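Tertiary structure, described
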Amino acid sequence: MRVEVDFDLCQGHAECQAEAPDWFSVGKGSGAKVRAKRGEVPADQLPAVKDAVKYCPTQALRLVED
Ligand code: SF4
């Protein structure tokens, strides 16, 4: 599975980074957007990434099958 980001919805809350810091990073300041790794999420990171998707307050993240 891989992560898709809707940058129109992302508001830089950084909950994703808190849940899965190896996969997401968010800059500081207003207007910051998430940066997510591309490609297949490794199995050992999938639980954290799923939590990030779940807890994103704007539902900007989505897990999709390749
Ligand atoms: S993807 Fe969601 S949790 Fe992550 S920075 Fe954007 S709005 Fe915040």
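An unreviewed UniProt entry lists the protein under the name Ferredoxin, with Dietzia aerolata as the source organism. Quoted verbatim from the Cofactor (unreviewed entry) field of the UniProt record, the comment on the protein reads "[3Fe-4S] cluster".

A word on the overall build of the protein
Assigned secondary structure in the protein consists of 2 helices and 4 strands. Order of helices (α) and strands (β) in the protein, N terminus to C terminus: β-α-β-β-α-β. The C-alpha atoms of the protein give 11 Å as radius of gyration, which agrees with the globular expectation for 66 residues (11 Å, within 12%). In terms of principal-axis extent, the alpha carbons of the protein reach across some 35 × 20 × 20 Å. For the protein, the share of sequence-separated contacts (at least 6 apart) that also reach a separation of at least 24 residues comes to 55%.

Thresholds applied
- Residues numbered from 1 in each chain as written.
- Predicted model: local features only at pLDDT ≥ 70, side-chain atom pairs only at ≥ 80, totals over all residues.
- Heavy atoms only, no water.
- UniProt positions renumbered as here; feature names shortened; annotations may be inferred.
- Helix = DSSP H or I, 4+ residues; strand = E, 2+ residues; numbered from the N terminus.
- Rg over C-alpha atoms; globule rule 2.2 N^0.38 Å.
- Contact = heavy atoms within 4.5 Å.

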